[in-house]
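A structural walkthrough
Each chain is listed here by its residues.
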Amino acid sequence: MAMFDFISRMFGKESSSKNVATERLRLVLVHDRANVSPEMLNALKEDLIRVISEYMDIDQAGLEVALNQEDNTVALVANIPVLRMKRNYASNAS
Amino acid sequence: MGEVIVITSGKGGVGKTTTTANISTGLAALNYKVVMIDTDIGLRNLDVVMGLENRIVYDIVDVVQGNCRLKQALIKDKRFENLFLLPAAQTKDKNSVNTDQMKELVGNLKPEFDYIVIDCPAGIEQGFKNAIAAAERAIVVTNPEISAVRDADRIIGLLEAAELHDPMLIINRLRPAMVKKGDMMNIVDVEDILAIKILGVVPEDEAIVISTNRGEPAVLEQTSKAGQAYRNIVKRITGEDVALMNLEEADGLVSKLKKLMGIK
Ligand SMILES: Nc1ncnc2c1ncn2[C@@H]1O[C@H](COP(=O)(O)OP(=O)(O)O)[C@@H](O)[C@H]1O
Ligand SMILES: [Mg+2]
């Protein structure tokens, strides 16, 4: 059993329990920290609006930002309705 | 003016009281004048860990309510005459002390002591708020275990919100043999996740249980690994630069051989 354990770990089939723990912790803390400061998500929203507005007109009221979890990853998912692209971005930039 | 240090954790049972007793005793052994404050009202424990339970007359609530003078409530340690304990109340309400009273009390102790070490209760309620109210430095105690680390993360966030910056971490009850097998998070894992500076690592050690039975802090025990870890932590608190102990080796063949041959 121990030998099998060892071999399966070597071949990466089964992670050691401490790796499982650190991975679970990493994920749970993403949510804990986001929940502790909803202000942080709001500040991020405002920054996103500011940056994206340089490139396109967006529906600010319809903007959604959330953390989505799938198995072993947490993704920041932003849904940003675009009203209109800015035509002359390049000339503005130069 | 003394320095005010709070020992906190979020989760119960990770070793706050043990750490408060050992750090305070260790500082006293280096001739600093030290007072410990037990803020765990209703669940007082620091007195028994220090072996001072029979000497208590007044407690922190008596001081705050004016039933006695502050000096009357301070219990002198058995071993060091420069070490004192202000015990928590055992039977009174958790909310009988507020943060302003705590600040005033600590303010009165500061001119008299080099270190004021505050033992924080578990949780994030009033007791926690009182314990950190007057603190200038925070030590977060955790175990290399998922729920303790999660709670430590929460506490670090709350300390930051309370503008108690740069807390330091003690990882307690580390079991080198389990770390070696990959069945316990190691120092780097915990440090990576919490991203704060490590003040020290204390191994799981029977000497802690034995010394607590006797009411004699393990920091005074020369042969105990946990005692050694606490002595190192104490030195770091006073500003000395001491390397982390090599705990990985503690249960290894090499160290067993060395022990057999009497090499430390
Ligand atoms: N390094 C250690 N090795 C073995 N036992 C320990 C260690 N640290 C703490 N303990 C034990 O764990 C229990 C909880 O410790 P305590 O200091 O009371 O925690 P807290 O104050 O955080 O609730 C006690 O019985 C104590 O003796
Ligand atoms: Mg305690």
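Given the structure is predicted, the values throughout are model-derived calculations rather than measurements.

1. A closer look at the interface of chain A and chain B
It is common to give the size of an interface as the accessible area lost on bringing the parts into contact. The interface of chain A with chain B comprises 13 residues on the first partner and 14 residues on the second. Across the interface of chain A and chain B, roughly 1200 Å² is buried in total on both sides, 58% from carbon and sulfur atoms. Our count for the contact surface shared by chain A and chain B stands at three salt bridges. For Arg150(B), the salt bridge is made with Asp32(A), and the minimal N-O distance between the two is 2.6 Å. Along the contact surface separating chain A from chain B lie seven residue pairs in polar contact (both at pLDDT 80 or more). The leading source of residues in the side of chain A that touches chain B is helix 2 (residues 17-36) of chain A, at 11 residues. Its residues assigned to classes, the side of chain A that touches chain B shows five nonpolar, three polar and five charged.

2. As for the site of ligand 1
Residue and element names in this part refer to chain B. The environment of ligand 1 is formed by 15 residues, the closest being Gly 13, Lys 16, Thr 17, Thr 18 and Asn 172. In this structure, Thr 17 approaches ligand 1 through a side-chain N or O atom, which is 2.8 Å from an oxygen atom. Arg 173 is positioned with one of its side-chain polar atoms (N or O) 3.0 Å from an oxygen atom of ligand 1. Bound to the protein, ligand 1 loses 80% of the 560 Å² it would expose on its own.

3. Focus on the nonpolar core
Residues and elements named next belong to chain B. Core analysis: the biggest nonpolar cluster contains 55 residues, and Val 6, Ile 37, Leu 86, Leu 109, Ile 116 and Ile 118 have the highest contact counts within it. Top element by residues in this core is helix 7 (residues 146-161). It accounts for five residues. Not counting residues within four places of it along the chain, the set of residues in contact with Ile 37 comprises Ile 60, Leu 86, Met 102, Leu 105, Val 106, Leu 109, Ile 116, Val 117, Ile 118 and Asp 119. Core analysis: the second largest hydrophobic core is formed by 36 residues, Ala 28, Val 202, Ile 233 and Ile 237 among them.

4. Here's the deal with the domain arrangement of chain A
Residues and elements named next belong to chain A. Looking at the assigned domains, one finds that chain A contains domain 1 (1-35) and domain 2 (38-94). Between domain 1 and domain 2, the residue contacts involve seven residues of the former and seven residues of the latter. Summed over both partners, the interface of domain 1 with domain 2 comes to about 620 Å²; 65% of that surface belongs to carbon and sulfur atoms. Among the residues of domain 1 in contact with domain 2, Leu 27, His 31 and Ala 34 are the three that bury the most area, contributing 67% of the side total.

5. A word on the sheet that holds strand 5 (residues 115-119) of chain B
All names here are of chain B. Ordered in space as 3-4-2-5-1-6-7-8, the eight strands form an open sheet in which the pairing is mixed. Bordering the open sheet on either side are strand 3 (75-76) and strand 8 (197-203), each of which pairs with just one other strand. With two bridges joining them, strand 3 and strand 4 (residues 83-86) adopt antiparallel strand pairing. Across the sheet, Ile 75 pairs through a bridge with Leu 85, a residue of strand 4.

6. Regarding the side chain of Asn22(B)
Residue and element names in this part refer to chain B. With respect to the element layout, Asn 22 can be found in helix 1 (residues 16-29). One polar contact links the side chain of Asn 22 to the main-chain carbonyl oxygen of Thr 18, over a distance of 2.8 Å. If we ignore the near neighbours within four places in the chain, the residues touching Asn 22 are Ile 208, Pro 217, Ala 218, Val 219, Tyr 230 and Val 234.

7. What about the packing of helix 7 of chain B against helix 9 (residues 187-194) of chain B?
Residue and element names in this part refer to chain B. For the pair helix 7 and helix 9, interaxial distance at closest approach is 10 Å and the crossing angle is 35°. Both helix 7 and helix 9 take part in a crossing whose hand is right-handed. Where helix 7 abuts helix 9, its residues Val 149, Ala 152, Asp 153 and Ile 156 lie against Val 190, Ile 193 and Leu 194.

What counts, and where the lines are drawn
Per-chain numbering applies: the sequence of each chain, read as written, is numbered from 1 onward. Whichever chain is written first is A, and whichever ligand is written first is 1; the rest continue in order. Local features in a predicted model are, by the rule used here, given only for residues with pLDDT of at least 70; side-chain atom pairs are given and counted only at 80 or more, and totals for whole chains, interfaces and linings are based on all residues. With hydrogens and water set aside, each side-chain value is computed from the structure's full complement of heavy atoms. Between two residues, a contact is recorded if the distance between any of their heavy atoms is within 4.5 Å. Buried area counts how much accessible surface, traced with a 1.4 Å probe, disappears from two parts once they are put together, with both parts' losses summed. The salt bridge criterion pairs a side-chain nitrogen of Lys or Arg with a carboxyl oxygen of Asp or Glu, the two atoms within 4 Å. Pairing of N or O atoms within 3.5 Å defines a polar contact, subject to two protein rules: one partner must be a possible hydrogen donor and the other a possible acceptor, and residues neighboring in sequence count only if both atoms are side-chain atoms. In this text, helices come from DSSP runs of H or I with a minimum length of four residues, and strands from runs of E with a minimum of two, each type numbered from the N-terminal end. Polar here means any residue other than Ala, Val, Leu, Ile, Met, Phe, Trp, Tyr, Cys and Pro, which are nonpolar, and Asp, Glu, Lys and Arg, which are charged; Gly is therefore polar. Nearness is judged by heavy atoms alone; a residue qualifies as near a molecule or strand once a single heavy atom is within 4 Å of it. Accessible surface is estimated by sampling points in the Shrake-Rupley manner with a 1.4 Å probe; for residues, cover comes only from the protein chains shown. Definition of nonpolar core: a set of buried residues of the types Ala, Val, Leu, Ile, Met, Phe, Trp, Tyr and Cys, connected through side-chain atoms within 4.5 Å. Three labels apply to residues, based on accessible area from a 1.4 Å probe with only protein chains included: buried if under 20% of the type maximum, exposed if over 50%, partly exposed otherwise in between. Either an automatic procedure or a domain database provided the assignment from which the domain bounds are taken. A pair of strands is considered paired only if DSSP assigns at least 2 bridges between the two. Every axis corresponds to a line fitted to the C-alpha atoms, with the helix fit spanning only the stretch in contact, and the corresponding angles, defined between N-to-C directions, vary from 0 to 180 degrees. Whether a crossing is left-handed or right-handed is set by the direction in which the near helix is turned from the far one by less than a right angle, anticlockwise for left-handed and clockwise for right-handed.

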